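# Structure assessment
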Amino acid sequence: AQEHRLLVRESQTECMKEIIAHLGKFLNDNPDALYEEWIAALHPENAEYVDPNQIDHRFYLEDSDHRLLWNEFMTIMIEHKAGAGIAEAEGAIHIECNHDWSDRIVEVKKMSP
C-alpha cells in the first residue's frame with residue numbers, strides 16, 4: 001500500500017512538471033493569452049466549443065491546481081516583471097514580454113456544471 005502511494009505521488013509530481021513546462025512555453029509563445037486559452041490548449045477536452053473562452057467549471061474552484069499554478073506564474077511575473085524568468089524543476093523559463101500581468105489573476109468562481 002505504501003509503495004502504491006509512492007508511485008501515485010511520483011506520477012502526480014511528473015504530471016505537474018509537465019503542466020508547469022507547458023504553461024511556461026505557452027506563455028512564452030502567447031504572452032497575452034488568457035487562463036481559459038491555456039486550459040483549452042492543455043486540456044482541449046475540457047473546453048466548451050460553443051464559446052472558446054469557456055472551460056470546465058472545475059478549473060475555477062478554489063483548490064484547482066491549474067488555477068493556483070496560473071496565479072503563481074502571474075504573481076511571479078508581477079513581482080519580477082516580464083523577462084525575469086520563472087524557476088521550475090527542469091530549469092528556468094524566461095517569458096519575454098513587457099505586460100502588466102496583474103489583470104491575469106484568476107479568481108475563484110462558484111459555477112454549476
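The structure contained in this document is the topic of the report that follows.

## Here we look at the packing of aromatic side chains
As enumerated under the stated definition, the model contains four aromatic pairs in all. With 6.3 Å between their ring centres and 50° between their planes, Y35 and W38 make a pair best called tilted. Of this pair, Y35 and W38 both sit in helix α2 (residues 35–42), separated by three residues, roughly a single helical turn. Each of the two residues, Y35 as well as W38, counts as buried. Measuring from ring centre to ring centre gives 6.0 Å for W38 and W70, while their planes differ by 25°; the resulting arrangement is stacked. One end of the pair, W38, is in helix α2; the other, W70, is in helix α3 (residues 65–80), and 32 residues separate them in sequence. Exposure class is identical for W38 and W70. Each is buried.

Each value, and the rule that gives it
- Residues numbered from 1 in each chain as written.
- Predicted model: local features only at pLDDT ≥ 70, side-chain atom pairs only at ≥ 80, totals over all residues.
- Heavy atoms only, no water.
- Phe/Tyr/Trp six-rings, centres within 6.5 Å; stacked < 30°, edge-to-face > 60°.
- Helix = DSSP H or I, 4+ residues; strand = E, 2+ residues; numbered from the N terminus.
- Buried < 20%, exposed > 50% of the residue type's maximum accessible area, 1.4 Å probe, protein only.

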